[in-house]
Amino acid sequence: MYKITILLFTTALISILAILFTLLLLRYAKLISKHNELLKYLKSLLNTVSSARWGNLQIKARKGPSILTEEISKGLNSLLESILDRDKMIQEYIEKEKENNNIKEDFIAMLTHDLKVPIIAQDNTLDLLLNNKFGQLSDEQKNAIRNIKISNSDLRHLVESLLDSHKFEKKGFVPKIQENADLREFIDDIISQANSIASLHNKIIRLYDHLEPDYKINTDIFLLRRVIQNLILNAISYGMNSDYIDITIENNDTHYIIRVRDYGLGISKENMDKIFNKYYSAAELYSKAGMGLGLYLSNKIINTLGGSIQVASEENKGAEFSVIMPQAKH
């Protein structure tokens, strides 16, 4: 009887333990299932956040396995919708500003083009006066006309810079490469044209030639000419401490260099990093008209042609601009 009682007790205990173990297994399985659901949700949430980080705001967070996770998803989706709305508003604003800028730029282009014609006509008339085509002038009268020509030249340069700025930014640069152009002839021609302006400012342009014999270049002659002319005009305008403007041409194994040096007030250290910025101008330091487009355009042109512009300057000792261009490949 005692053994039967023990046997029944043992059997009941084992049954109870089996039932408890089964319940524990079911509970564990349920926890594992919830854990897997939560893990999937977190991976989905991470994918949504990662996509938003790279600019894709269209992937929304899915509902989570609990009330808390559903609230998280709702909050994230609301944030994404808010960002999309703001992005749309910004794009509409940008498009509107582009349209306004186009209207403004087109107006400036028409205005500057119309201004250029009378400036050229005025310059031609001044030349006729200086050549005594309308009668003999006194020295004082000729000096006054020369001063007008200087101002006229500055104004024409400013108008041409405005036109170039509009043209280059509207259409971009499309270089037309001319092969085997003679660099010496190119520089000589620019200096010959610049001498008439230099003489009005009582400046002499000196050329230092260190090129190899018969040195040829492959580049867009028109664009490069625009840059060198601008650097010479700047040197003439701002190099008031000396009678000379120095131009040096040289080459090494990989590049050719055109240097334009003046002996004016130079460029301060704090302004050195600004000189190629659009609309930055040191003209006010010299009581001159200027819009800060010349160096900005020159830098853009040379970069497009595959070269660079370097500047060396000391205050009260002038400035030297070096145009460094890749050598023609033969």
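The structure under discussion appears in the preceding block.
Values in this document were obtained by computation on a predicted structure and should not be read as measured data.

(A) Spatial organisation of the overall build of the chain. A tally of helices and strands in the chain yields seven helices and seven strands. Listing every helix and strand of the chain by position from the N terminus yields α-α-α-β-α-β-β-α-β-β-α-α-β-β. Burial status across the chain gives 35% buried among its 330 residues. Across the chain, the fraction of contacts at a sequence separation of at least 24, relative to all contacts at a separation of at least 6, is 70%. Summed over its atoms, the accessible surface of the chain is roughly 21100 Å², and 57% of this surface lies on carbon and sulfur atoms.

(B) Inspection of the side chain of S313 at higher detail. Position of S313 among the secondary structure elements: in strand β6 (residues 308-314). Within polar-contact distance, the side chain of S313 engages the backbone nitrogen of I267 at 2.7 Å. Here the side chain of S313 touches G318 through a polar contact of 2.9 Å, landing on its backbone oxygen. In contact with S313, other than residues within four places in its own chain, are G266, I267, M272, G318 and A319.

(C) Broad picture of the nonpolar core. Counting 38 residues, the largest nonpolar core has L183, I232, I258 and V323 as the members making the most contacts within it. For this core, the element with the most residues is helix α5 (residues 221-238), which contributes nine residues. If we skip the residues at most four places from it in the chain, I258 touches L183, I187, I228, I247, T248, I249, F321, S322 and V323.

Each value, and the rule that gives it
Residues numbered from 1 in each chain as written. Predicted model: local features only at pLDDT ≥ 70, side-chain atom pairs only at ≥ 80, totals over all residues. Heavy atoms only, no water. Helix = DSSP H or I, 4+ residues; strand = E, 2+ residues; numbered from the N terminus. Buried < 20%, exposed > 50% of the residue type's maximum accessible area, 1.4 Å probe, protein only. Contact = heavy atoms within 4.5 Å. Areas by Shrake-Rupley, 256 points an atom, 1.4 Å probe, with all protein chains shown as cover. Polar contact = N/O pair within 3.5 Å; in protein donor to acceptor, adjacent residues only side chain to side chain. Core = buried A, V, L, I, M, F, W, Y, C linked by side-chain atoms within 4.5 Å.

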